[in-house]
Amino acid sequence: MSIQFHVQRNPNPLSQAQREAVLKNPVFGQYRTDHQVVCVWEKDKGWISAEVIPYGPIQMDPAAAVLHYGQEVFEGIKAYRWADGSIWTFRPHENARRLQLSARRLALPEVPEELFVESLRQLIAVDAAWVPEPAEEKTLYIRPFEIAAEDFLGVRAAQRVEYRVIASPVGPYFSGGIKPIAIWIALQSARAGRYGTGEAKTGGNYASSLLAQTEGNDNGCSQVMFLDAQTGTCIEELGGMNLFFVFKDGRVATPMLDGTILRGITRKSLIELMQDRGIEVQERKISLDEVRAGIASGAITESFACGTAAVITPIGQFKSFSETLSLPASGSEPLSLSLREELTAIQYGRAEDRHGWMHRLG
Ligand SMILES: *Cc1c(COP(=O)(O)O)cnc(C)c1O
């Protein structure tokens, strides 16, 4: 398939001075670029249009299915400016395939891989000036998403769907630098059930995580860790990040992908980087009891969370109303920080891309 993009430039983009002021301190999620991508799909016709248009609100009927039944999926991917000025993204075909997996689960049409990658390229072609200079971990965070746009209050898969791409210049996800964060253990709130939508990147998973997130925030934690819905004993992941545990003997473990955990691309890449270093990485069930005992005995020396937005974040504590599990203050060479350095060096073109992960956008 090849679909032709129609480009309508924003007649009133932000001035260079205004844009530069934003790029000086791009608070995560607060600002958007001058354009967006819109592609429309209709039942029996397929993808019928692809446009780049000025950034602005969506005109939508109040009966649009997404507003009532949450039929939507999304992705998160970054554009990095290299020192030579070129613009790159990281493993976009992985995101394209995951968007398709999410879409299938939510009964949405699949965005063809080429259309996904081309949509990123098209947006960067008009908004390249929004990709920040490569300092202080600044990037352009890109948010592709699909929504059920048909106005029809009956319950069935929508017959008109929009795929859109917006972008937001960002600095570090957590303000205040890389320091270990405290994690709230959700004991009365599950994120994803068996055969549910846990493996799909869909808004509903986030909606169902917010109550526990609020409880965590009220108790001094910045993120929430969810346990499996079936038994409430095994660790799954955070609201928007995957988890790793480092053992004293050098092994590393991460919860296995069993249909309820998001298939993180950062997770997958870190596993590959660790295997390159000869580290044994186990993908398996990890119970909260094992982590509790491992932290108490010193068998677990480190834990970290990972995702595109925050890259890698070391974890200092796991907390609930009844306990606080504190990891030791990290030694001189924590694995999380050396992996973080290795991955970001590849992403910003400072290290050799030996796996062929980087894809040029502009
Ligand atoms: C997006 C997401 C992640 C991280 O995935 P990356 O591909 O590494 O960005 C992890 N967990 C959840 C629930 C997510 O939505």
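Residues numbered from 1 in each chain as written. Predicted model: local features only at pLDDT ≥ 70, side-chain atom pairs only at ≥ 80, totals over all residues. Heavy atoms only, no water.

1. Describing the packing of aromatic side chains
Applying the stated rule across the entire model yields 11 aromatic pairs. Note on tryptophan 47 and tyrosine 163: the rings are 6.5 Å apart at their centroids and 80° apart in plane angle, and the pair reads as edge-to-face. One end of the pair, tryptophan 47, is in strand S3 (residues 46-54); the other, tyrosine 163, is in strand S8 (residues 160-170), and 116 residues separate them in sequence. Residue class for tryptophan 47 comes out buried when judged on its relative accessible area of 15%. Classification of tyrosine 163 by relative accessible area gives buried; the value is 0%. Ring geometry for tryptophan 184 against phenylalanine 321: centres 5.0 Å apart, planes inclined by 85°, an arrangement best described as edge-to-face. Separated by 137 residues along the polypeptide, tryptophan 184 in strand S9 (residues 181-186) and phenylalanine 321 in the loop between strand S16 (311-319) and strand S17 (324-326) bring together distant segments of the chain. (Phe/Tyr/Trp six-rings, centres within 6.5 Å; stacked < 30°, edge-to-face > 60°. Helix = DSSP H or I, 4+ residues; strand = E, 2+ residues; numbered from the N terminus. Buried < 20%, exposed > 50% of the residue type's maximum accessible area, 1.4 Å probe, protein only.)

2. So, unusual backbone geometry
You will see that alanine 107, though not glycine, has its phi angle at about 55°, which is positive. The backbone of tyrosine 195 shows a phi angle near 65°, a positive value even though the residue is not glycine. Relative to the helices and strands, tyrosine 195 is located in the loop between S9 and helix H5 (203-218). In this structure tyrosine 195 comes out as exposed when scored by relative accessible area, which is 69%.

3. So, the domain arrangement of the chain
Interfaces are frequently sized by the accessible area removed from exposure as the parts join. By the assigned domains, the chain splits into domain 1 (5-170) and domain 2 (181-347). Computed from C-alpha coordinates alone, the two centres of domain 1 and domain 2 are separated by 27 Å. Contacts between the two partners involve 22 residues from domain 1 and, on the opposite side, 23 residues from domain 2. Where domain 1 abuts domain 2, roughly 1,900 Å² becomes buried across the two surfaces, and 55% of that area is made up of carbon and sulfur atoms. Counting the surface domain 1 buries against domain 2, the share from its top three residues, Phe74, Phe90 and Arg98, is 29%. Our enumeration of links across domain 1 and domain 2 arrives at 3 salt bridges. In this structure, arginine 340 and glutamate 137 form a salt bridge, with 2.5 Å as the shortest nitrogen-oxygen distance. Here domain 1 is connected to domain 2 by 15 residue pairs in polar contact (both at pLDDT 80 or more). For the side of domain 1 that touches domain 2, the secondary structure elements donating two or more residues are strand S4 (72-74), strand S5 (77-81) and helix H3 (92-105). Classifying every residue of the side of domain 1 that touches domain 2 by side-chain character gives 10 nonpolar, 4 polar and 8 charged. (Domains from an automatic or database assignment. Contact = heavy atoms within 4.5 Å. Buried area = accessible area lost by both parts, 1.4 Å probe. Salt bridge = Lys/Arg side-chain N within 4 Å of Asp/Glu carboxyl O. Polar contact = N/O pair within 3.5 Å; in protein donor to acceptor, adjacent residues only side chain to side chain. Nonpolar A, V, L, I, M, F, W, Y, C, P; charged D, E, K, R; others polar.)

4. Quick look at the site of the ligand
Contacts to the ligand come from 15 residues, most closely from Lys201, Tyr206, Glu237, Thr266 and Thr308. Side-chain polar atom of glutamate 237 to a nitrogen atom of the ligand: 2.5 Å apart, as the coordinates give it. Protein chains bury 97% of the 380 Å² of accessible surface belonging to the ligand in isolation. Class assignment for the residues of the shell around the ligand results in 4 nonpolar, 7 polar and 4 charged. (Near = heavy atom within 4 Å. Areas by Shrake-Rupley, 256 points an atom, 1.4 Å probe, with all protein chains shown as cover.)

5. Some remarks on the side chain of glutamate 146
Along the chain, glutamate 146 falls in strand S7 (residues 139-148). Residue contacts for glutamate 146: discarding those within four places in its chain leaves Trp47, Gln71, Glu72, Val73, Leu99, Ala103, Leu108, Pro109, Val111, Val161, Glu162 and Tyr163.

6. Some thoughts on the state of the cysteines
Counted under the stated rule, the structure contains 0 disulfides. With no disulfide partner, cysteine 234 has as its closest neighbouring cysteine sulfur the one in cysteine 306, 19 Å distant. (Disulfide = S-S within 2.5 Å.)

7. As for the pattern of salt bridges
Considering all chains together, one arrives at 26 salt bridges under this definition. Here glutamate 94 ties to arginine 91 by a salt bridge, and the two come within 3.7 Å at their closest N and O atoms. Accessibility assignment for this pair places glutamate 94 and arginine 91 in one class, buried. Its salt-bridge partner being lysine 138, residue glutamate 136 comes within 3.5 Å of it at the nearest N-O pair. A single network of salt bridges, built from pairs that share partners, joins Arg91, Glu94, Arg97, Glu113, Lys268 and Glu272.

8. Structural notes on helix H1 (residues 16-24)
Taken together, the buried positions of H1 are occupied by Arg19, Val22 and Leu23. Looking down the long axis of H1, one finds its buried residues gathered within 95° of arc, a one-sided arrangement. The outward face of H1, more than 90 degrees from its buried face, is lined by the exposed residues Ala17 and Lys24. Looking at the buried side of H1, the elements it contacts are S8. (Arc of directions from axis to C-beta.)

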